[in-house]
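Notes for the structure review
Residues per chain, in single letters:
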Amino acid sequence: MHHLMPKENRAEIEAPVVAAVEARMLDGTPFTYSGLSCVSEVSGGDEARDRVADRTIQKWRRRGWLQMKREGREVIWRLTAEGEAEKERREAAHG
């Protein structure tokens, strides 16, 4: 019943999964949703239930940090210039 928890509790439980998903997104290589879903699952999430990868992609897209491009049948996500700046900001903050 994870999806029925208060948002604060859910955020606390999902924090390690979000951190793993964001780390993969920030490594600088293009990615697909399915690849990011695997990161979510491996780090303890349940992507079908929680949609951490999907929510993170959409949040970053709205902030202008990601762009998508269709390559054949695949949708490939890449950091934008703003996303690269966010990556550098986070790297500087964590030393």
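Presented here is a report on the structure given in the accompanying data block.

The rules behind each value
- Residues numbered from 1 in each chain as written.
- Predicted model: local features only at pLDDT ≥ 70, side-chain atom pairs only at ≥ 80, totals over all residues.
- Heavy atoms only, no water.
- 1 Å grid on protein atoms, 1.4 Å probe; cavity = no way out; pocket = protein on both sides within 12 Å on 5 of 7 lines; lining within 4 Å.
- Points joined across faces, edges and corners; volume = space filled by probe spheres on them.
- Nonpolar A, V, L, I, M, F, W, Y, C, P; charged D, E, K, R; others polar.
- Axes fitted to C-alpha atoms, helices over the stretch in contact; angles between N-to-C directions.
- Helix = DSSP H or I, 4+ residues; strand = E, 2+ residues; numbered from the N terminus.
- Parallel < 35°, antiparallel > 145°, perpendicular 65-115°, else oblique.
- Left-handed = near helix turned anticlockwise from the far one by under 90°.
- Contact = heavy atoms within 4.5 Å.
- Core = buried A, V, L, I, M, F, W, Y, C linked by side-chain atoms within 4.5 Å.
- Buried < 20%, exposed > 50% of the residue type's maximum accessible area, 1.4 Å probe, protein only.
- Pairing = 2+ DSSP bridges.

A closer look at the layout of surface pockets
- Volume-wise, the largest pocket comes out at about 220 Å³.
- Lining the largest pocket are 13 residues; nearest its centre among them are Glu-14, Val-18, Arg-55, Thr-56 and Lys-59.
- Class assignment of the residues belonging to the lining of the largest pocket gives a composition of three nonpolar, two polar and eight charged.

Notes on the packing of helix H2 (residues 33-42) against helix H4 (residues 52-62)
- Look at H2 against H4: their axes get within 8 Å of each other, and the N-to-C directions meet at 125 degrees. If you check the angle between H2 and H4, you find them oblique. Classified by chirality, the crossing of H4 by H2 is right-handed. Of the residues in H4, those touching H2 at Tyr-33, Leu-36, Ser-37 and Ser-40 are Val-52, Ala-53, Asp-54 and Ile-57.
- Class assignment for the residues of the contact of H2 with H4 results in five nonpolar, two polar and one charged.

A look at the nonpolar core
- Formed by 14 residues in total, the largest nonpolar core has its most connected members in Val-21, Met-25, Phe-31, Leu-36, Ile-57, Trp-60 and Leu-66.
- Listed by contribution, the elements that provide at least two residues to this core are helix H1 (7-25), H4 and strand E2 (74-79).
- Excluding its chain neighbours within four sequence positions, the residues that come into contact with Leu-36 are Val-21, Arg-24, Met-25, Phe-31, Ala-53 and Ile-57.

Overview of the pairing of strand E1 (residues 66-71)
- The pairing of E1 with E2 spans six bridges and is antiparallel. Pairing of Arg-70 across the sheet is with Val-75, part of E2.
- Linking E1 back to E2 in an antiparallel pair, the connection comprises two residues, with Gly-72 at a positive phi of about 65 degrees.

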